Amino acid sequence: MTEHTKTDGLPGLDAPGLPQVMERARPRNERMNSAKVECNACPVLCQISEGRAGACDRYANHGGTLVRLDPVVVLRRSLDAGEAALVPFAGRSAEVAASDTAAPMPAWSGDLLHSEQVFVTGVGSSTTYPDYKPAPFIVGSQQQGVDMVTVVTEGIFSYCSFKVKIDTDRFLGAEQANVRCKGEVVGHVTTAEYGSQMLSLGGVHHLTGGSKKEGRITAEMMQALGNKQAVEFTIDGGSQIVIQAGRAPIVNGVAEQRMRVGCGSAAVGIFARQFFGLVDEVVVVDDHITGVLTEHQAGRCLDMKPSGIAMRGRKSTPGRYFQVANPGNGWGGTDIAEPLSILDPWDPVVAWPGLRLLMTSTTGEHASWYVLDAQLQPVETEMPAEVRRIVDRIGENCEPSLSTVLFLAGAGGSLRAGVTENPVLLTRSIKQALVNVTVGGAPAYVWPGGGITVMADVLRMPDNSFGTVPTPAIVAPIEFSMRRSDYEALGGHMGQIRGLQEVLQRGAWHNDGAPQSLQWLTLPEANPWPLGQPPLLG
Ligand code: SF4
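In this text, all values refer to a predicted model and were calculated from it rather than measured experimentally. (Residues numbered from 1 in each chain as written. Predicted model: local features only at pLDDT ≥ 70, side-chain atom pairs only at ≥ 80, totals over all residues. Heavy atoms only, no water.)

*Asks:* Quick one: what's the story with the site of the ligand, residue by residue and with numbers?
*Replies:* The environment of the ligand is formed by Cys39, Ala41, Cys42, Leu45, Cys46, Gly54, Ala55, Cys56, Arg58, Tyr59 and Pro470. Residue composition of the shell around the ligand, grouped by class: nine nonpolar, one polar and one charged. (Near = heavy atom within 4 Å. Nonpolar A, V, L, I, M, F, W, Y, C, P; charged D, E, K, R; others polar.)

Here it is in structure tokens:
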């Protein structure tokens, strides 16, 4: 359990426990068995038999009533030790209570409520397909004396993907290579960034543009990755990799340790002064830019004598070489295991017997020490302790290698109708920074330009924020917070605003006062308070 989902050690927290009741039994038509209820939370419109769950496992028929199987996640700035983390709403029905399999939960006394400290997230809030219905929760609150509104819903996203940053210089696959999960293409390798390989996974093309199997596996993969689980991938012509948000990537069965300190040229520049006087030449092997100290500007500034070294690859600028080898899992993200293979014969006019050469990778993980013999051949010998210390410092300066998973989704479609009768006003208000968009209470970056394209780090979201429906599409939380006056100005569903206490007691507006359950979580320290950021309160 991560810090983000800390629930203060109370029992039964991993089991959702109490169901949320969403609708009364409602036979859809005469041919439909009256013992079934129809779920209308997504376009699939499951008809669910007594005691069974719908296709997404989020809703079930509980004694003729449609119930939500997981609780609404509510964030609070802090929880005192011993307070309940999963509590039933008031008005919980006797039938539901009697059939509960979860451990008995303490009743909510109302004392826990400090409305300025409470934020209702979209996790477990339900959807209201078709979207012209108001969002499940439109919560009115006061923050520092300002009347605020938060519109809370779950979105059903077809246009969504994960951008994954993998801190490694190992070769994962060529740019544009297909990424597969369980044999299906679910994404591709995209442009590498500094010290990291990047993948684009999921997305509308794989969810709905390919075969049914491709769509199903893509949705399963996205749900697991978003929910911070480990997922295994293979990359065409490249590596096998296991990715889990916030954990080191495992490449071809080996957990990555270090993110490189910089490219070969950067490493030469950073450590040049420390090498000066201890070495005659340094080569930092890198798949991108291999650095050569005496030719590099850093070596020149130190008045280092030319060494007569001859590099393979394509010279970019003095002391900086591209393509000294092919990409791979060897030294510095190249395919070499023998570093001398990237050197041509030394210039006999310039080089001299006894010349001291260090070759290292950009992480210091690989390093060898050579001395030229009388024939100007490098002979590997034991590395002096003072040089070893600098190589170790290269390693110290590497950050731990991690996988970072960002959720990217388009919320600019019909979902907006759950917020306002005039959707473009929501889009404009977001662009004018009148509305703060959060995803499960986590801060979201809203892309400039048209629509509402949001991006958030899944590690800052509550665990199990993501679900799927078999259309196939991804279910994810989203919240829009703003001043009440701004909500009115953008054509909001003013008649559906309810105070926090009423929301917590009665549940979603379409719930008809039936019982629901809550899961209280502590707002992660890294996350700003969703209702407290300027310019909302400025
Ligand atoms: S798949 Fe859709 S209709 Fe079926 S239970 Fe889930 S949300 Fe309801």
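*Asks:* Give me the packing of aromatic side chains: which residues, what numbers.
*Replies:* According to the stated counting rule, one finds six aromatic pairs in the structure shown. Ring geometry for Phe157 and Phe407: centres 6.0 Å apart, planes at 80°, overall edge-to-face. Placement of the pair is Phe157 in strand E10 (residues 146–157) and Phe407 in strand E30 (residues 403–410), with a sequence separation of 250 residues. Overall, Phe407 belongs to the buried group, its relative accessible area being 2%. When the centroid spacing of 5.7 Å and the interplanar angle of 65° are considered together, the rings of Phe162 and Phe466 count as edge-to-face. Residue Phe162 is found in strand E11 (residues 160–166), and its partner Phe466 is found in the loop between strand E34 (453–457) and strand E35 (467–469); the two are separated by 304 residues along the sequence. Judged by its relative accessible area of 4%, Phe466 is buried. Members of the aromatic cluster, each reached through a chain of ring pairs, are Phe157, Phe162, Phe407 and Phe466. A cation sits over an aromatic face here: Arg68 above Tyr59, 5.1 Å from the ring centre. (Phe/Tyr/Trp six-rings, centres within 6.5 Å; stacked < 30°, edge-to-face > 60°. Helix = DSSP H or I, 4+ residues; strand = E, 2+ residues; numbered from the N terminus. Buried < 20%, exposed > 50% of the residue type's maximum accessible area, 1.4 Å probe, protein only. Lys NZ or Arg CZ within 6 Å of the ring centre and 35° of its normal.)

*Asks:* Before we move on, can you summarise the side chain of Ser401 with the specific residues and values?
*Replies:* With respect to the helices and strands, the residue Ser401 is situated in the loop between strand E29 (399–400) and E30. Of the residues examined, Ser401 reaches a relative accessible area of 2% and is grouped as buried. A polar contact is formed between the side chain of Ser401 and the backbone oxygen of Asp167, at a distance of 2.3 Å. (Polar contact = N/O pair within 3.5 Å; in protein donor to acceptor, adjacent residues only side chain to side chain.)

*Asks:* Outline the layout of surface pockets, supporting the account with residue identities and numerical values.
*Replies:* Here the second largest pocket is characterised by a volume of approximately 440 Å³. As for the second largest pocket, its lining consists of 21 residues, and the residues nearest its centre are Ala192, Gln197, Asp287, His288 and Pro327. When contributions to the lining of the second largest pocket are tallied by element, the ones reaching two or more residues are strand E13 (184–193) and strand E14 (196–202). Top contributing element to the lining of the second largest pocket by residue count: E13, with four residues. Residues belonging to the lining of the second largest pocket are distributed by class as follows: six nonpolar, eight polar and seven charged. (1 Å grid on protein atoms, 1.4 Å probe; cavity = no way out; pocket = protein on both sides within 12 Å on 5 of 7 lines; lining within 4 Å. Points joined across faces, edges and corners; volume = space filled by probe spheres on them.)

*Asks:* Can you tell me about the nonpolar core, naming the residues and giving the values?
*Replies:* Counting 58 residues, the largest nonpolar core has Leu225, Phe233, Phe407 and Phe480 as its most contacted members. Ranked by the residues each element gives to this core, the list is headed by helix H3 (residues 212–226), at six residues. Two domains share this core, each providing at least three of its residues, namely domain 1 (70–155 + 413–441 + 449–454 + 461–522) and domain 2 (160–259). Discounting chain neighbours no more than four positions away, the residues touching Phe407 are Phe157, Cys160, Ser161, Phe162, Val439, Val454, Met455, Ala456, Val458, Phe466 and Ala476. Phe275, Val279, Leu293 and Met383 belong to the second largest nonpolar core, which has 22 residues in total. (Core = buried A, V, L, I, M, F, W, Y, C linked by side-chain atoms within 4.5 Å. Domains from an automatic or database assignment. Contact = heavy atoms within 4.5 Å.)

*Asks:* Describe the pairing of strand E27 (residues 367–372), and please don't skip the residues or the numbers.
*Replies:* In terms of residue burial, E27 counts as a mostly covered element, since five of its six residues are buried. Pairing between strand E26 (residues 356–361) and E27: five bridges, direction antiparallel. Opposite Thr360, over in E27, you have Ala367 as the bridge partner. In textbook terms, the turn of a hairpin is the stretch between consecutive antiparallel strands, and for E26 and E27 this stretch comprises five residues, one of which, Gly364, has a positive phi near 75°. Bridging between E27 and strand E28 (residues 378–380) involves three bridges; their strand directions are antiparallel. What sits directly across from Tyr370, in E28, is Glu380. Linking E27 to E28, which pair antiparallel, is a turn of five residues; within it Leu376 sits at a positive phi near 60°. (Pairing = 2+ DSSP bridges.)

*Asks:* Requested: an account of the sheet that holds strand E33 (residues 445–446), with residues and values cited.
*Replies:* Read from one edge of the open sheet, eleven strands run E18-E17-E16-E15-E12-E13-E14-E11-E30-E34-E33, paired in antiparallel fashion. Since the sheet does not close on itself, it has two edges, and those belong to strand E18 (254–255) and E33, each with one partner. Bridging between strand E17 (residues 250–251) and E18 involves two bridges; their strand directions are antiparallel. Counted as the bridge partner of Ile250 is Ala255 from E18.

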